[in-house]
Amino acid sequence: AILAGLPVEQVKIVEMATSEKLHLGIWCDATGVTPIAGTRYTKQLPNGTYDICEAAFKKLPVAEQATFVAIKIPDIKVVVKTVKQMWPAIESAIAAKQHLGIGCDVSGASPITGNRYTKQLRNDTYDVCEEVYNRLSAEEQAEFRVVGSPDIMLLIKSLATNANGSNYLEPELTANDAVAAKAND
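Residues numbered from 1 in each chain as written. Predicted model: local features only at pLDDT ≥ 70, side-chain atom pairs only at ≥ 80, totals over all residues. Heavy atoms only, no water.

Peer 1: Tell me about helix α1 (residues 8-19), and name the residues and values.
Peer 2: The terminal C-alpha atoms of α1 lie 16 Å apart, and with 12 residues this matches the ideal 16 Å at 1.5 Å per residue to within 8%. In the stretch just after α1, Lys21 is the one whose phi turns positive, near 55 degrees. (Helix = DSSP H or I, 4+ residues; strand = E, 2+ residues; numbered from the N terminus. Expected span 1.5 Å × (residues − 1).)

Peer 1: Tell me about the pattern of salt bridges, and name the residues and values.
Peer 2: The final tally for this structure, using the stated rule, is five salt bridges. Two residues, Asp127 and Arg116, come together in a salt bridge whose shortest N-O distance is 3.0 Å. Taken as a pair, Asp127 in strand β9 (residues 125-129) and Arg116 in strand β8 (residues 116-120) lie far apart in primary sequence, 11 residues in all. Judged by its relative accessible area of 5%, Asp127 falls in the buried class. The salt bridge partner of Lys119 is Glu143, with a shortest N-O separation of 2.7 Å. Here Lys119, found in strand β8, pairs with Glu143, found in the loop between α6 (138-141) and β10 (145-147); they are 24 residues apart in sequence, far enough to count as distant. (Salt bridge = Lys/Arg side-chain N within 4 Å of Asp/Glu carboxyl O. Buried < 20%, exposed > 50% of the residue type's maximum accessible area, 1.4 Å probe, protein only.)

Peer 1: Lay out the sheet that holds strand β3 (residues 40-45) with the relevant residues and their values.
Peer 2: Read across the open sheet, the three strands follow the order β4-β3-β5; overall the sheet is antiparallel. Of all the strands in the sheet, the pair left with one neighbour each is β4 (48-52) and β5 (69-71). Taken over all neighbouring pairs, the strand axes of this sheet differ in orientation by 35 degrees on average, direction set aside. The sheet contact formed by β3 and β4 spans five bridges and is antiparallel. Note on β4: the bridge partner recorded for Tyr41 is Ile52. (Pairing = 2+ DSSP bridges. Axes fitted to C-alpha atoms, helices over the stretch in contact; angles between N-to-C directions.)

Pasting the structure below:
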């Protein structure tokens with residue numbers, strides 16, 4: 001029912017985020033990682049919630065871990081709200097063919113705008129802009145695949161944190177949200 005009325009593209013993002021356990025709109029208060037992926041650990045504070053990722057949680061003493069509630073499934077209401085808030089920026093990046101969060105590994109241009117050319121390395125991708133790609137030999141070009149449209153999940157992750165490393169969205173969870181999330185777990 002919460003997805004009723006959302007455009008198909010937004011529903012797909014919400015479904016993808018939920019299936020990949022991405023807590024869109026929530027970041028780790030200890031590490032700054034956004035969005036929290038996997039299990040989110042939360043506890044209520046007087047003025048909001050304190051949320052941490054699994055890596056930060058594992059570093060806590062056992063006694064402190066006991067003060068947190070594990071949230072395995074992202075709160076659909078928060079995910080939908082976040083997607084709606086980010087949607088204008090997502091549409092703008094797609095229309096401009098901006099591959100936010102991805103820079104050209106040769107020229108340093110960031111973000112890559114227009115076609116992005118990528119090849120898989122052992123532990124990462126090697127991405128170049130069209131200007132660099134056009135200067136490559138045919139043999140070198142054959143190693144790349146073209147990515148015309150920006151990857152929506154990469155856009156979301158990039159938009160979640162701006163260039164200054166601060167959060168794009170402010171947390172808006174209340175005590176009732178924490179209780180509802182716990183009930184969904």
